[in-house]
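Secondary and tertiary structure notes
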Amino acid sequence: MDAQGGVAQAMDAVLLTLGWRGRFQLKQLFLVSFGTLPGALHILSFVFTGKTNEHRCRAAAENSTSYPIPPDASNVTYGTCSVTWVNVTGDRAEVPCPQGLEFYDPVDRSLMSEWDLVCDKEALIDVSQTLLVAGMMIGAVFFTFMADRFGRKPIHITGCIGLLFIGMATSFVPTFLAFLPLRFMLGAFQQATGLTNSILAMEILPSRRRFIPNIGMTLVWAFGQILLSLLAFLMRRFPWRYLQLLISGFSVYSFLLICFLEESVRWLVANGRVEHAERILKKAAAQNKVSQVDVLNVFRTKVLRQHTSDEGHDLKNGASEVPGEHPNSLLGSHSASGDKEDLPKYGITDFFRHKRVLLCIVINGFAWFTNSVTYYGLSMTSFTLADDMYLGFFLSAVVEVPSIASTYLAERIGRKRYCDVFHLVAGLSLLTSVTVSYLAGDSKAASIAVVVLTLLGKFSVTATFAVLFLYTPEQFPTNIRNASLGVASMSARIGGMIAPFSRTLIRHFPWAPGTIFGVCCLLLPVCMRMLPETCGRELPQTIEDMELYITAPDRVSPRSQNDKQKSETASI
């Protein structure tokens with residue numbers, strides 16, 4: 001077994017013996033994939049719960065003596081935030097709405113009108129979304145480090161239950177000041193589920209099948225956006241709190257995870273919890289109707305032996321080579337030295353101590369930032385795609401489905417090349433849409449072209465975003481895999497914090513958001529040339545494995561790597 005393989009390749013052998021399409025894997029993948037849905041609903045729900053409720057200044061009541069408009073005033077105009085008139089001397093006067101505002105729809109249809117977040121307080125709507133993204137940024141770092149330390153399962157379940165109760169509390173919150181910290185907490189718990197479920201799904205399958213759950217979860221995300229537009233349309237005549245409560249109800253399933261979700265076997269092995277890993281493998285073998293003896297034989301003779309070899313210890317005779325014996329833990333194979341040694345325990349300082357690791361995390365961070373600010377910026381300005389906001393959001397969501405299905409190409413041409421191609425398409429289409437809009441004006445043909453090009457940009461950036469969830473953690477070793485994904489996701493959250501203000505920017509400078517998004521997308525292929533290709537390779541277990549990936553040239557194509565791996569698998 002070569003240096004790049006190690007325990008990772010040995011674990012692949014175990015999972016292939018277990019069978020990657022068995023009942024156990026399907027059940028686990030369903031449980032973690034469904035966790036994507038509540039997060040998808042919560043993140044962009046404010047587009048509808050905080051929608052604009054058209055309003056104007058309330059007119060003066062008849063015979064009102066307290067109204068500051070003089071009786072002989074002419075040309076009185078009741079605007080959205082002020083009343084203007086011309087007095088007897090011909091001077092124009094303007095005052096804030098003396099009698100308050102009147103809304104065209106009931107005030108409880110939107111949190112904007114219920115809490116009077118209009119005029120000089122209009123920006124507070126965007127602040128609430130920015131706080132949610134700030135919570136996502138903190139949660140991305142905190143919960144992913146916790147998942148590397150304490151396991152994927154407990155952190156994932158914590159996030160799911162948090163979304164349920166915090167989401168329900170948001171539906172009953174009495175004031176806007178109480179609403180803001182709840183939005184922050186929703187963002188943090190969303191990351192606890194959204195990042196750990198991708199790692200759980202990735203680590204349950206062999207290396208060349210890692211793209212399958214990634215496609216599945218991103219399709220669930222796209223379905224969540226489509227479902228959000230449909231639910232919001234159906235609930236448009238009800239208070240915004242009802243929509244929030246309905247969205248939160250999708251997290252009720254989280255209590256099933258306590259009984260049926262299993263911990264990652266890869267994480268258990270990396271942290272020396274072999275007894276727990278073997279119990280899961282036995283259960284999986286029973287559900288998949290394969291021989292428990294064969295699965296445990298491969299696990300003990302390949303994984304434990306390779307782990308011991310990597311740590312520089314000699315196997316104790318019979319400790320893990322004999323299929324029938326049951327080692328209590330990795331201590332059994334290390335008993336010659338009298339202590340227990342697991343894989344190296346990395347921390348956040350390792351991102352800075354190793355130059356290549358730092359380079360990878362910086363480039364991945366920029367990629368996540370660009371994809372996030374572009375994806376959410378296009379989603380939040382989707383009202384420009386159609387006269388009806390629900391239709392515009394629906395079109396923006398529907399285009400994600402074929403883009404995610406296209407991520408299968410990343411398995412054929414490689415992750416890096418796939419990202420390069422679609423980032424180029426996204427950048428060129430968005431810049432072209434800005435050019436067409438500027439040169440052709442408001443003609444019908446130009447409007448259609450702008451919509452098509454914008455949707456093509458959304459299609460392309462969604463396609464690359466979906467692959468980043470797979471590509472980024474594939475580059476890093478097991479004990480900092482979740483942490484690296486968390487740091488990259490934190491960069492995405494910075495982009496997400498900026499994205500809400502694209503709604504204001506596009507009203508004043510229609511060309512600006514598309515130009516910014518397009519330029520960033522075009523810069524990415526240049527930066528990503530320094531990243532390794534991970535398609536067809538085993539997940540690295542150590543930083544040394546990772547550095548080998550970066551420095552070793554790609555002598556064969558991803559497709560030939562996969563074909564080679566298939567032939568090697570057939571001999572197991």
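Whatever comes next refers back to the structure up there.
The structure presented is a predicted model; accordingly, all values stated were derived computationally and were not measured.

Re the environment of phenylalanine 394
- Relative to the helices and strands, phenylalanine 394 resides in helix H17 (residues 389-398).
- Each residue touching phenylalanine 394, except ones within four places of it in the same chain, is listed here: Ile226, Ser229 and Leu230.

A few points about helix H3 (residues 36-43)
- Most of H3 is tucked away, with eight of its eight residues classed as buried.
- For H3, the set of buried residues is Thr36, Leu37, Pro38, Gly39, Ala40, Leu41, His42 and Ile43.

Considering the packing of aromatic side chains
- Under the criterion given, the structure shown has 19 aromatic pairs.
- Ring centres 5.1 Å apart and planes at 75 degrees place the aromatic pair phenylalanine 48 and phenylalanine 393 in the edge-to-face group. Taken together, the residues phenylalanine 48 in helix H4 (residues 46-49) and phenylalanine 393 in helix H17 connect sequence positions 345 residues apart.
- Among the residues examined, phenylalanine 48 registers a relative accessible area of 3% and is labelled buried.
- With a centroid separation of 5.8 Å and 55 degrees between ring planes, the pair formed by tryptophan 115 and phenylalanine 176 is classed as tilted. With tryptophan 115 in the loop between helix H5 (111-114) and helix H6 (124-150) and phenylalanine 176 in helix H8 (residues 176-203), the pair connects residues that are 61 residues apart, well separated along the chain. This pair shows no difference in class: tryptophan 115 is buried, exactly as phenylalanine 176 is.
- Ring pairing ties together the aromatic residues Phe48, Phe233, Tyr390 and Phe393, which thus form one cluster.

Here we look at the pattern of salt bridges
- The full count for this structure, using the stated rule, is eight salt bridges.
- Two residues, arginine 56 and glutamate 102, come together in a salt bridge whose shortest N-O distance is 2.8 Å. With arginine 56 in strand S1 (residues 55-57) and glutamate 102 in strand S5 (residues 101-103), this pair connects stretches of sequence that are 46 residues apart.
- Of the residues examined, arginine 56 reaches a relative accessible area of 33% and is grouped as partly exposed.
- Salt-bridge contacts for glutamate 262 lead to lysine 283; the nearest nitrogen and oxygen are separated by 2.6 Å. Remark: lysine 283 occurs in helix H13 (residues 274-288) and glutamate 262 occurs in the loop between helix H11 (254-260) and helix H12 (265-270); sequence separation between them is 21 residues.
- A residue is classified by how much of its surface remains accessible, and glutamate 262, at 12% relative accessible area, is buried.
- Taken together, the shared-partner salt bridges in this structure form one network comprising Asp148, Arg152 and Glu203.

Description of the state of the cysteines
- If you walk through the whole model with that rule in mind, you get two disulfides.
- Here cysteine 57 connects covalently by a disulfide to cysteine 97, the sulfurs 1.7 Å from one another. Every disulfide takes its handedness from the sign of the S-S torsion; for cysteine 57 and cysteine 97 that torsion is -55 degrees, giving left-handed. Placement of cysteine 57 in strand S1 and of cysteine 97 in the loop between strand S4 (92-96) and S5 is noted, with a sequence separation of 40 residues between them.

Some thoughts on the packing of helix H16 (residues 355-380) against helix H21 (residues 444-474)
- Look at H16 against H21: their axes get within 9 Å of each other, and the N-to-C directions meet at 140 degrees. Where H16 crosses over H21, the two elements pack in a sense that is left-handed. Between H16, through Asn364, Ala367, Trp368, Asn371, Ser372, Thr374, Tyr375, Leu378 and Ser379, and H21, the contact on the second element is made entirely by Thr454, Gly457, Lys458, Val461, Thr462, Thr464, Phe465, Leu468, Phe469 and Thr472.
- Of the residues in the contact of H16 with H21, the class split is eight nonpolar, 10 polar and one charged.

Comments concerning H8
- Taking 1.5 Å as the rise per residue, H8 with 28 residues should run 40 Å; its terminal C-alpha atoms sit 41 Å apart, in good agreement.
- Taken across its 28 residues, H8 has 23 buried, putting it largely inside the fold.

Let's talk about the nonpolar core
- Residues Leu44, Phe48, Trp115 and Tyr376 are the most contacted members of the largest nonpolar core, which totals 90 residues.
- Sequence-distant contacts of tryptophan 115, defined by excluding residues within four places in its chain, comprise Lys121, Val173, Pro174, Thr175, Phe176, Phe179, Trp240 and Arg241.
- In this structure, Ile204, Leu205, Leu268 and Leu296 belong to the second largest nonpolar core, which totals 35 residues.

Thoughts on a nonpolar patch on the surface
- A contiguous nonpolar surface patch, about 350 Å² in accessible area, is contributed by Ile138, Phe142, Phe184 and Met185.
- Among the elements of the structure, H6 and H8 are those that each provide at least two residues to the nonpolar patch.
- Residue placement: phenylalanine 142 occurs in helix H6.

Quick look at unusual backbone geometry
- Within the chain, aspartate 116 stands out as a residue other than glycine whose phi angle is a positive 60 degrees.
- Secondary-structure assignment places aspartate 116 in the loop between H5 and H6.
- Positive phi, close to 60 degrees, is recorded for lysine 289, a residue that is not glycine.
- Residue placement: lysine 289 occurs in the loop between H13 and helix H14 (292-310).
- Classification of lysine 289 by relative accessible area gives exposed; the value is 77%.

Definitions and limits used
Residues numbered from 1 in each chain as written. Predicted model: local features only at pLDDT ≥ 70, side-chain atom pairs only at ≥ 80, totals over all residues. Heavy atoms only, no water. Helix = DSSP H or I, 4+ residues; strand = E, 2+ residues; numbered from the N terminus. Contact = heavy atoms within 4.5 Å. Buried < 20%, exposed > 50% of the residue type's maximum accessible area, 1.4 Å probe, protein only. Phe/Tyr/Trp six-rings, centres within 6.5 Å; stacked < 30°, edge-to-face > 60°. Salt bridge = Lys/Arg side-chain N within 4 Å of Asp/Glu carboxyl O. Disulfide = S-S within 2.5 Å. Axes fitted to C-alpha atoms, helices over the stretch in contact; angles between N-to-C directions. Left-handed = near helix turned anticlockwise from the far one by under 90°. Nonpolar A, V, L, I, M, F, W, Y, C, P; charged D, E, K, R; others polar. Expected span 1.5 Å × (residues − 1). Core = buried A, V, L, I, M, F, W, Y, C linked by side-chain atoms within 4.5 Å. Patch = residues over 30% accessible without salt bridge, like charges linked within 9 Å, V, L, I, M, F, W, Y side chains within 5 Å. Areas by Shrake-Rupley, 256 points an atom, 1.4 Å probe, with all protein chains shown as cover.

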